[in-house]
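# Inside the fold
So you can see what is in the structure, the chains are spelled out below.
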Amino acid sequence: MQAAELCEKITPRTGSSSDGPNSPFVVEMRSIRKTFLDVTASSDVNFTLREGEICALLGENGAGKTTLMNILFGYYTADGGEIRIRGEKVSFSSPGDAIARGIGMVHQHFTLVPSQTVLENVVVGSTGRRFFLDLASARKKLLALQERFGLSVDPDAPVWTLPIGGQQKVEILKSLYRNARILILDEPTAVLAPLETKGLFSTLKILAAEGCSVIFISHKLREVMEIADRVVVLAKGTVAAERNISETSERELANLMVGRELPERRYQSVKRTGTTILEITGLTVKNDRNLLAVRDVSLKIASGEILGLAGVSGNGQRELAEALFGLRSPVSGSVSLDENQLPPGSPRAAIASCMGRIPEDRMTTGLLLELSVEDNMILENHCRFRKTGMLHRPSVGKYADCLINEFGIKTDGRCAEARTLSGGNLQKIIIARELSGAPRAVVAAQPTRGLDVGAIEYVHGRILEARNNGAAILLISEDLDEIFQLSDRVAVMYEGKIMGIAGRDETSREEVGLWMSGVESTCA
Amino acid sequence: MRLTLAKRAPLPGWIQVLVPVGAILVTLALSAIPILAAGGDIRLSYASLFRGALGTRYNFLETCVKAAPLTFTGLAAAFAFRAKFWNIGGEGQLLAGAIAAAWTGIHIGSLPPAAAISLVCIAGFLAGGAWAAIPAILKTKYKVDDVVTSLLLNYVMWHIMGYLLFGPLQMPGSSWPRSPAIAEAARFPVLLVRSRFHLGIVLAAAAVLIVWFINSKTVFGYRAKAVGVNPRAAAFGGINVNSVILKTALISGGLAGMAGVGEAAAIHFHLLMDISPGFGYSGIAVAMLGRLHPLGTALSAFFFSVILVGAQSMSRITGVPTYIAEVIQGMSLLVMLVALLLTEYRIKAVRN
C-alpha cells in the first residue's frame, strides 16, 4: 500500500469515491496470475488505479503489460487473483462484461469499419436490441461527448478518410459513448505523428480532469514522463517497481525496465568517404489509393555510410521502401546499385544485386510464419540449394544451423515453425537472412519497431557492422533517437519529398523536427 | 456457463495422424442416426457395408477401382489448395480430361497400345490442365476470384460435353448421347484377372508418390508452399507468385483430367454424360479429409470408395438406400473440419 499512499499525495482527487463501498480505487487487481501453457505471462501482479489518474504501464515486449490489460478487459480469464472495480469483486468472461462495467480499451490496431462514418462506427455494438437505429439521438450524444472532451472529428466523415490520429479519436469516442470511465490505451502513440501525440495527450488530460481514469501502456519513456501521474514498471510478468512521476527519471525507468544501466550512446559517425553505391534518382511512387506518395526523391548513399531517413509515418516512407524492395513499381525515376540500374518492380533483381532488405512489416512481408525457421532463411537464396530441381535439404540445414548460431537466434531448432519465436528472434531471422551475405546496400525500414531494448541494441549492432563492412545503408525510421544514434547523415521525408538533409552532427533535433512538420530549412 | 474457443499449442505429430482416424470413427457413429432412421439395423448395416467393400477379393478390387478417380481428383484439390489456388473445378477438369481421352482414343487409329495409351493420358492431362489454367490466368491477371470461376467452369464443361455428345462426338446411328467406343489399343489393360483392376489404379498410386515428391523435395514444392502461406512474403523473397499459381493450376487440372482419362479408357470405353458421379466435387472432400497430404489423400480416397462400394451391398441386404453413402461422405467432411478446428483450438467452459 506504500505506493498507493504515495500517489494519494500527487493525484488530484477529482471525484469522490462514493460509488465504491469503501475503496479509494476504481480498479484493484490483486495477485493476478496467468500462464499460457508453460509460459508465465503474469505472476502475482498487483495493480491499482484511482479515479482521475493517468497511470502508465511500462515494460519491454513480453513483460506482461498487454496480458494484464487483456485480463482486465475480459479477453483472458486470470488463473488466480481477484479483480475489483470500484470495490466490487468482478469476474469478466468477455470484453462485453468489462464494457458493461465502464471499461474501454483502445487497441494498437484499431477495430473500426473504414467505409462507415464516424457516427456509425461509434454506435456499432451499442444499439441494444432495438429494431430501428436512432442515429439522431446518437449524434446528439456523440456531439455532447466531443464537446466535453475536446475530441473534434466530423461525425459524418468515413473513417478511412481520417488520419491515424483521427481514427484513434473515434476509438476513444466509441469507448466514451459506451460510458467508459476507465480507459486502457495500448501503445497509443506508436502510430501517431508528434503533433497527433500532443493532441492525444491533451485529450487524456481532459479525460482525467473529468474524472476518467486512464491506463497508458507504453515503452516510450519520454511520453510516460510527460503524461502519467504514476508509473508501474512490469518486467518478466511481475511488478518491478511503482513510482510517482515526480519522483523518478527517464534514466531510472529505463534501468528498471531492463534491469541494467543503459549507456547514453551515439555511435561514432563517419564522414562519407567511399564511392556512391545506392543511388535513387527522381523516384516517384504511387500508393495503394493511386495517389502520389513519393515525389521526385533523389538520394545518394556512399559505401560505409548510414543515411537516416526520418519523418512522421505516412509521408511516403512505406512506398519508398517498397519501391526499393521491388514490391512496388515506381511511376518514374530509377534506383541504381553499384551503377547498375535495377529493373522496377522486381524483388529478384534487388536480391541479385545484393541489397539487404528489412521490411517494416516483418510478419506479413518478411516472414512465412507457418513455415520452419530454415525455410524462412532460404526464402531469397533457395536457388543456391537447388540440385536438379530438388532442394538439397542437408545443405539447407547446415546453412540454417550456421545462421542460428551466428546470429544467436533462440529457437527449438531450425525445423520449428517461425511463429513460435518471439518478436525479437523473428527479426533476427530477417537480419540473418538479409545481412549475412555481405550486402552491398541495406534498406532497413523500421528495423526495431516493437522490439525490446535488448533486441534493439542487437539490431543496431548488426546494422553498424554492415556499415563498417562497407555497405551503403538507408535507415528508414520514425524513431528520432534511433536516427540520431546510428546515422551519419539525416534526411527527412515530408509529404513524399525530402524536406532536408544534413550531416548528423551539423543538424539538431530541433531542425529535424521542423523538417518533419514541413517547415523548409533556411540554410538548406 | 458458456463455451468458448481458445487457441491451443501445436499438438505432437502422432495426434495429427490420429485425427483423421478418429474423425472416421465419429463419422460412422453419427451416420448410425440416418441409417436407423431409414430402418436399418446398425450392426448388420455396417457389417454388410464393410463386407461389401472389403470382404472378398473382387469387392476389394472394385473398391480400388472406385478409389482411383477419387485419388486423382483428391490430389488435384490437395495440390492446388496447398498453394492457396482454390480449385473447385475438379469436376470440369475431369470432364475435359475424359473428353480429350475419348476423342484421342476414338481417332487414334492403329497405334501400338503403349503409344496409344500414352497419347490418351497426355491428351487428358493437358486438357484438364488447360481448363484449370483459365481460372488461374483470370486470378493472376485480373484478380478474379478463383473459387467462383473454377466452380462455374464445371457447368460450362458439362454443357460442352453435352454439345459434343449430341453432335460431333455422337456415335453414328445412335440417338443417345454416347460417343463411339475407344479403340482397343487405347484402353487401359486390366492387370489382375477376374477383376476390373486396371492400369489407372497404378497410375493413381504413382501420382500420389509424384505429388509427394514435388511437395516435399523440389524447389517448386517449396515455392508453392511459400506462396500458399504468404504470397506477399513469397513475392518479397523473389518468387514469381503468378508463375507458381499457373504451374500449380496446370498440374492440379492435369491430375483431375487423369481421373477422367481413367473413367473413359478403363471403365466405360465411351464418353457418356454420366461418366462422373461427381468425382471432382468429392475430390475436395477427399483432400480435406486427407489434410492436403498426398498419402492422406490416397487413404481418404480409399475410405470414400469403401463407403461408395459398400453402400451398394448394404442397400441390397438391409434395404437402406444407397444415398446413405453420400450422407456418410458429407458427414465425414463436416466431422473432419470440426476435428481440424479442435486440433487448433480447444473448447473452454466459461462460468459466468
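Just so it is clear, the model here is predicted, and its values are computed rather than measured.

### Thoughts on the overall build of chain B
Counting its secondary structure elements, chain B contains 13 helices and two strands. Against the compact-globule benchmark of 20 Å for 352 residues, chain B has a radius of gyration of 21 Å, which places it among compact chains. Burial statistics for chain B: of 352 residues in total, 50% are counted as buried.

### What about the interface of chain A and chain B?
Contacts between the two partners involve 24 residues from chain A, matched on the other side by 18 residues from chain B. Going through the elements one at a time, helix 11 (347-352), helix 12 (362-366) and strand 18 (390-391) of chain A are the ones with two or more residues in the side of chain A that touches chain B. Taken together, the residues of the side of chain A that touches chain B break down into 12 nonpolar, seven polar and five charged.

### Re the sheet that holds strand 8 (residues 213-218) of chain A
Residues and elements named next belong to chain A. Taken in spatial order, the six strands line up as 6-7-8-3-9-10 in an open sheet, and their pairing is mixed. The two strands at the open ends of the sheet, each matched to only one other strand, are strand 6 (103-106) and strand 10 (238-244). When strand polarity is set aside, the average angle formed by the axes of neighbouring strands in this sheet is 20 degrees. Pairing geometry for strand 7 (residues 182-186) and strand 8, over five bridges, is parallel. Paired with Ile 184 across the two strands is Ile 215, which belongs to strand 8.

### A word on the pairing of strand 19 (residues 441-445) of chain A
Residues and elements named next belong to chain A. With five of five residues buried, strand 19 is to be regarded as a mostly interior element. Going residue by residue along strand 19, you find Ala 441, Val 443 and Ala 445 tucked away on one face and Val 442 and Ala 444 tucked away on the opposite face as well. As paired strands, strand 16 (residues 355-358) and strand 19 are joined by four bridges and run parallel to one another. Within strand 19, the residue paired with Ile 358 across the bridge is Ala 444. Of the strand pairs in this sheet, strand 19 and strand 20 (residues 472-476) are connected by five bridges, and their pairing is parallel. Paired with Ala 441 across the strands is Ala 472, a residue of strand 20. Each parallel crossover has a hand, and the one from strand 19 via helix 16 (residues 453-468) to strand 20 is right-handed.

### Thoughts on the packing of helix 4 (residues 90-107) of chain B against helix 10 (residues 241-268) of chain B
All names here are of chain B. Direction vectors running N to C along helix 4 and helix 10 enclose 50 degrees, while the axes themselves pass 6 Å from each other. As the angle between them shows, helix 4 and helix 10 are arranged oblique. Of the two possible hands of crossing, helix 4 and helix 10 adopt the one that is right-handed. Of the residues in helix 10, those touching helix 4 at Gly 90, Gln 93, Leu 94, Leu 95, Ala 96, Gly 97, Ala 98, Ala 101, Ala 102 and Gly 105 are Gly 253, Ala 256, Gly 257, Met 258, Ala 259, Gly 260, Val 261, Glu 263, Ala 264 and Ala 265. Across the contact of helix 4 with helix 10, the residue classes tally to 12 nonpolar, seven polar and one charged.

### Details of the confidence of the model for chain B
Regions with low pLDDT carry predicted coordinates that are not meant to be interpreted in detail. Within chain B, residue pLDDT values average 93, and 99% of them lie at 70 or more. With pTM at 0.75, the complex prediction returns an ipTM value of 0.86.

### A few points about the nonpolar core
Judged by nonpolar contacts, the single largest core of 183 residues is most densely connected at Val 443, Ile 473 and Leu 475 of chain A together with Phe 72, Ala 98 and Ile 99 of chain B. Setting aside residues no more than four positions away along its own chain, Ile 473 of chain A makes contact with Ile 301, Glu 305, Ile 306, Leu 307, Val 442, Ala 444, Ile 463, Ala 466 and Arg 467 of chain A. Formed by 69 residues, the second largest nonpolar core is a distinct cluster that contains Val 26, Phe 73, Leu 119 and Leu 207 of chain A.

So, how was this worked out
- Residues numbered from 1 in each chain as written.
- Chains lettered and ligands numbered in written order.
- Predicted model: local features only at pLDDT ≥ 70, side-chain atom pairs only at ≥ 80, totals over all residues.
- Helix = DSSP H or I, 4+ residues; strand = E, 2+ residues; numbered from the N terminus.
- Rg over C-alpha atoms; globule rule 2.2 N^0.38 Å.
- Buried ≥ 20, exposed ≤ 12 C-beta atoms within 10 Å, placed from the backbone.
- Contact = placed C-beta atoms within 7 Å.
- Nonpolar A, V, L, I, M, F, W, Y, C, P; charged D, E, K, R; others polar.
- Pairing = 2+ DSSP bridges.
- Axes fitted to C-alpha atoms, helices over the stretch in contact; angles between N-to-C directions.
- Right-handed = clockwise from strand over helix to strand, strands pointing away.
- Parallel < 35°, antiparallel > 145°, perpendicular 65-115°, else oblique.
- Left-handed = near helix turned anticlockwise from the far one by under 90°.
- pLDDT = per-residue confidence, 0-100.
- Core = buried A, V, L, I, M, F, W, Y, C linked by C-beta atoms within 7 Å.

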